[in-house]
Structures are given as structure tokens and as C-alpha cells.
Amino acid sequence: MGYHFVKFGSHIVRFSLGGIPVVGNTATGGLVGLTFAGANLCDALLVREVSPDEITDKCAELVTYLESQGAFDELEERLVLQSAYLHVTNTCNLSCVGCYSADANRNRACDPSLSDLEHAVDVLAELGVKRLVISGGEPFVRQDLADIARHAKTCGMGEVVVLTNGTLCTKENLAQLAGLADIVSISFDGASPDGPAYIREHQLFDRLIHAVAMVKEAGIHAHILPTLHAKNIHDVPVYLEVAEQLGATVGFSLLSGSSAELGDLMPCDACLCELADRMFSLGQEASVVSIDDEFDLRRALRVRRACGAGKTNVSVAANGNVYPCHMLHKPELLLGNAFADDATTLAKHIKQFSMPAVDEIAGCSSCEHRYLCGGGCRARSYDENGEIGRRDPYCVFYRRSLDKTVEAFVSQVS
Ligand code: SF4
Ligand code: SF4
């Protein structure tokens, strides 16, 4: 390091992991454990410019490393979009409790044209999106689903995922998607043919198993996506077994919505603790244990101030409107229109938007896990409270998961 005063950029945070002082980089997600001297130096670097004379030999290696990670740069507000949802229709043949995309236009609005969707894909690709999640409504109601996926691939999207309820998959439409969709993800409501249907009218287990088999036959990666809630948390190991037998991967989605809407399916704190415990112990053995896209226990020791909504990911509604996240299609969070706007206009609006950081969320700002959790899900805050700046009602899940993860980490390093 040359002779110059240094100070941390605003993306650097200081906290402790189970009593171990650490410094974290919210731009890279990385963190470094600190000695007593290192912690004192980092505390100074957070609040003032430090001269090279103040950096002792004991801390020279730490400072060199932090410099290599960009800790002293003030990062310009760059757009770092990685993934996007594209809702290709508002139509659906099912009506599931807690469906994130259901709105007043369900089964009423006209589908967007292929050329509108292609324009949206062009714009998203220009903004850096590499992972496109095609959702609906039910995407397989469209006859040109393969054309949409092909266009995404032509634009250089590395991963194209189709989310489906599985009921409209056929050998023919899956064969058309082969080589274009990387993953077909089928949502499940029930872990056996005679299990109760909690969020759908009927149990579709056998049909969905058949759909998974057809996805595999078409040579596409099959993923199953069970929705968890108060009444089926004990089914997690059963779903893992089902996935293994099918040769599919599995992820879980936590049923979300207001407590008024979800009623007795809304997980209570005891359920969320049980889920965290199950996921934690499964995570010690199983290769795939994730809850929603944002919280993967294998990556829980990553530093962040917020989730990726409006930063690394956005969502395009079936009318082209762009929102920070697929679960936040709210008029007050509108960022533009991907059918009408060009990439420059959209980029400008996205850069101007920011989610409340965890330090600004009442109830989270003094939480010891805040820089690992990022404050949970802003959409769940909205569902429950009508605003994005409150604590996630599923906080207990994150808190318990992080308690256990940090405890395991500390026992490994001490
Ligand atoms: S664990 Fe709970 S209180 Fe802590 S940051 Fe996450 S949501 Fe907020
Ligand atoms: S608001 Fe919730 S669903 Fe959306 S990106 Fe953030 S954590 Fe994920």
C-alpha cells in the first residue's frame, strides 16, 4: 500500500459472530475474523481516515487483504442485475392459496405478445441479467413458450428456468423446450398421493410425478418446489426422499401472505423454529437445502444489508411493468415498463431505487445477526403490514437458523 490515508467505504460493516469480532464486505458478501488489534483498527477505519503510521506490522496483512477486496473504495452505484422473473401470462388453470402472482387481472387480462416479451428479454439481457425465471400465471398455457425461452438463450441468458404447476406439461410441449429451458420447476402441494391438498382444491401428486418424469424424459433438469406452511413442515424429509427417487432436485418455498389471508396455514414461531432446526440438520447431510431463492443455509455466512430485490433481481409483470421482486408487484414500487422502456431508461429508474437496509428496519437494527440476515423478506413485511420497512413476520426462522449456523461456525474455529 502506498503512503496515503485510508477509510472504509460505506459498504463495510463491523459486527461479531458469536463473540468473534469480524469485518464484513456487503459488496462481496465476504467476512474476516479479527484479532483485538485488528478490531480496533477496523473500528477506526469505519469512522475516520487512518494514516499508514497507525497501521502496525500485526495488522499489515489484514489491511493488504481488505484493500484487495475493495474495502477502501467508495463503490459507485453500479447496476448489478443478475436474475429476473418474466411473467408471460396472467392466466392460470388453478387457484392456489397464497399464490404470489394472483391479482385482480387473473384469467381476465390478455396475454402479452411474443414481440413485447422479446423486447423485455432484450432489455433485461442488456442490463446484465443472466438467469431468467419464466413464470405466470401458468406459463404452459402459452403455445409459444419455447420461442420465449429460445429468445432468452439467443440473448445470452445462461440459465432459463420455467416455473409451473405441472398440470399442463405434455411430452410435446416439453420436447419443444428441450435445449432451451435449463430447469423446469414444478410446485408441489402434498408429499404423497393420499396426502391432503392444503393450498389447492385437489391432490395432484400422481399427475405431478408424471410431469417430473416427462421433464426428465425431455432431457431437462427437473426441480420440485414444495410449498411449506404450518401444516406440512414435518414433510420436509419426505419431499427430499420423493426428489431423490425421481432424480430431481428440490427447493422449498415458504407460503407467504398476510396472516388474515393464510389463516391456520400461517406458520407460528414454534413451527418456524422447528423448520429452522430441520433445515439445519438436513443441511449438514443433504446437498440441496434452500428456503426461497434468497436464503440458502449453505451460504448463510454471507454479509448483506438487504435482499437482492431491485438490486440483483427484478420482476417483469405480464403487462410489462417492472418491480423490484416477483413478490412485490405493488404500484408504489413500479420501476418502469420492460415492453415500452429501453435499457437506459429502465437502468436509471432501477438505480434510483433502494430497499430499506437492515439498519433502518425497526426490530432488526439492533439484531446481532442483522448483517447475515439482511432483515429477511421485504415482501412478507408488506403482506403483513402494508409496508416494506417492517420486520419479516418469519423472523424467527432466520434468527434460529443463524443462531445455529453461527454456533456451528464458532465451534469449528475455536
Ligand atoms: S433475524 Fe429477525 S430481527 Fe434479525 S435481522 Fe433477521 S429478520 Fe431482523
Ligand atoms: S423481497 Fe423477499 S422474495 Fe423478494 S427478493 Fe427480497 S427476500 Fe426475496
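Going by the structure above, here's the rest.
Please read all numbers here as calculations on a predicted model, not as lab measurements.

Chemist: Any details on the nonpolar core? Residues and values, ideally.
Modeler: Looking at soluble globular proteins, one finds that nonpolar side chains tend to be buried together. With 105 residues, the main nonpolar core has Leu86, Leu132, Ile134, Leu177 and Ile224 as its most contacted residues. The residues touching Ile224, leaving out its near neighbours within four places in the chain, are Ile186, Phe188, Val212, Tyr239, Val242, Ala243, Leu246, Ala248, Thr249, Val250 and Gly251. Judged by nonpolar contacts, the second largest core, of 18 residues, contains Ile12, Ala39, Ala44 and Leu66.

Chemist: Help me get a handle on the packing of helix H3 (residues 114-126) against helix H4 (residues 145-154), residues and values and all.
Modeler: At their nearest, the axes of H3 and H4 sit 10 Å apart, and the two run at 25° to each other. The angle between H3 and H4 falls in the class roughly parallel. Remark: the crossing between H3 and H4 carries right-handed chirality. Of H4, the residues touching H3 (which contributes Leu114, Leu117, Glu118, Val121 and Asp122) are Asp147, Ile148, His151 and Ala152. Across the contact of H3 with H4, the residue classes tally to five nonpolar, one polar and three charged.

Chemist: Let's hear about helix H13 (residues 395-413): which residues, and what values?
Modeler: With 19 residues, H13 should reach 27 Å at 1.5 Å per residue; the first-to-last C-alpha distance of 27 Å fits that figure. For H13, the complete set of buried residues consists of Cys395, Val396, Phe397, Tyr398, Ser401, Leu402, Thr405, Val406 and Val410.

Chemist: Lay out the packing of aromatic side chains with the relevant residues and their values.
Modeler: Taken as a whole, this structure holds five aromatic pairs when the rule is applied. Consider the rings of Tyr239 and Phe252, whose centres lie 6.2 Å apart with planes at 70°: the pair is edge-to-face. Separated by 13 residues along the polypeptide, Tyr239 in helix H7 (residues 236-246) and Phe252 in the loop between strand E9 (249-250) and strand E10 (253-254) bring together distant segments of the chain. Taking relative accessible area as the criterion, Tyr239 reaches 0% and is therefore assigned buried. Centre to centre, the rings of Phe397 and Tyr398 are 5.6 Å apart; their planes meet at 75°, and the pair counts as edge-to-face.

Chemist: How would you summarise the environment of Asn165 if you had to cite specific residues and measurements?
Modeler: Looking at the secondary structure, you find Asn165 in the loop between strand E6 (159-164) and helix H5 (171-177). Sequence spacing of Asn165 and Cys96 is 69 residues, and the spatial spacing of their C-alpha atoms is 9.8 Å. A distance of 3.0 Å separates a polar atom in the side chain of Asn165 from a polar atom in the side chain of Asn93.

Chemist: Describe the pairing of strand E4 (residues 83-87), listing the residues and the values that go with them.
Modeler: In terms of burial, E4 is a largely internal element, five of the five residues being buried. Where burial is concerned, the two faces of E4 agree: the one with Ser83, Tyr85 and His87 and the one with Ala84 and Leu86 are both buried. A crossover links E4 with its parallel partner strand E5 (residues 131-135), the connecting element being H3, and its sense is right-handed. Judged from the four bridges that link them, E4 and strand E13 (residues 313-316) form a sheet pairing that is parallel. The residue bridging Ser83 from the neighbouring strand is Asn313, located in E13.

Chemist: Provide a residue-level description of the site of ligand 1, including the pertinent values.
Modeler: In the vicinity of ligand 1, the contacting residues are Val358, Gly363, Cys364, Cys367, Arg370, Cys373, Gly375, Arg391, Cys395 and Arg399. Contributions of two or more residues to the shell around ligand 1 are made by helix H11 (370-373) and H13. Class assignment of the residues belonging to the shell around ligand 1 gives a composition of five nonpolar, two polar and three charged.

Chemist: Kindly report on the pattern of salt bridges, identifying the contributing residues and their values.
Modeler: Taken as a whole, this structure holds 15 salt bridges when the rule is applied. As a salt-bridge pair, Asp144 and Arg142 come within 2.7 Å of each other at their nearest N and O atoms. Taking relative accessible area as the criterion, Arg142 reaches 8% and is therefore assigned buried. For the salt bridge of Lys404 with Asp277, the shortest nitrogen-to-oxygen distance reads 3.7 Å. Here Asp277 lies in helix H9 (residues 269-285) and Lys404 lies in helix H13, a separation of 127 residues in the sequence. On the basis of relative accessibility, which here comes to 27%, the residue Lys404 falls in the partly exposed class. Salt bridges here are not isolated pairs; linked through shared partners, they connect Asp277, Arg400 and Lys404.

Chemist: Quick rundown of unusual backbone geometry? Include the residues and the values.
Modeler: Residues Gly136 and Gly137 are joined by a peptide bond in cis, for which omega reads 15°. Residue position: Gly137 is located in the loop between E5 and H4.

Chemist: So what's going on with helix H1 (residues 36-47)? Which residues, and what values?
Modeler: Given a rise of 1.5 Å per residue, twelve residues ought to cover 16 Å, and the 17 Å separating the end C-alpha atoms of H1 matches this to within 8%. Residues of H1 that are buried include every one of Gly38, Ala39, Leu41, Cys42, Ala44 and Leu45, and no others. In the core, the buried residues of H1 are packed alongside strand E1 (12-17), strand E2 (20-25) and helix H2 (57-68).

Chemist: I'd like to hear about the sheet that holds strand E3 (residues 31-33), residue by residue, with values.
Modeler: The antiparallel open sheet is built from three strands, whose spatial order is E1-E2-E3. The open sheet terminates on both sides in strands that have one partner only, identified here as E1 and E3. Taking the axes of each pair of neighbouring strands and ignoring which way they run, one obtains an average angle of 25° across the sheet. The pairing of E2 with E3 spans three bridges and is antiparallel. Looking at E3, one finds that Gly24 is bridged to Leu31. Against the sheet, H1 makes contact with E1 and E2, and its axis sits at roughly 145° relative to E1, the strand it touches most.

The rules behind each value
- Residues numbered from 1 in each chain as written.
- Chains lettered and ligands numbered in written order.
- Predicted model: local features only at pLDDT ≥ 70, side-chain atom pairs only at ≥ 80, totals over all residues.
- Heavy atoms only, no water.
- Core = buried A, V, L, I, M, F, W, Y, C linked by side-chain atoms within 4.5 Å.
- Buried < 20%, exposed > 50% of the residue type's maximum accessible area, 1.4 Å probe, protein only.
- Contact = heavy atoms within 4.5 Å.
- Axes fitted to C-alpha atoms, helices over the stretch in contact; angles between N-to-C directions.
- Helix = DSSP H or I, 4+ residues; strand = E, 2+ residues; numbered from the N terminus.
- Parallel < 35°, antiparallel > 145°, perpendicular 65-115°, else oblique.
- Left-handed = near helix turned anticlockwise from the far one by under 90°.
- Nonpolar A, V, L, I, M, F, W, Y, C, P; charged D, E, K, R; others polar.
- Expected span 1.5 Å × (residues − 1).
- Phe/Tyr/Trp six-rings, centres within 6.5 Å; stacked < 30°, edge-to-face > 60°.
- Polar contact = N/O pair within 3.5 Å; in protein donor to acceptor, adjacent residues only side chain to side chain.
- Right-handed = clockwise from strand over helix to strand, strands pointing away.
- Pairing = 2+ DSSP bridges.
- Near = heavy atom within 4 Å.
- Salt bridge = Lys/Arg side-chain N within 4 Å of Asp/Glu carboxyl O.

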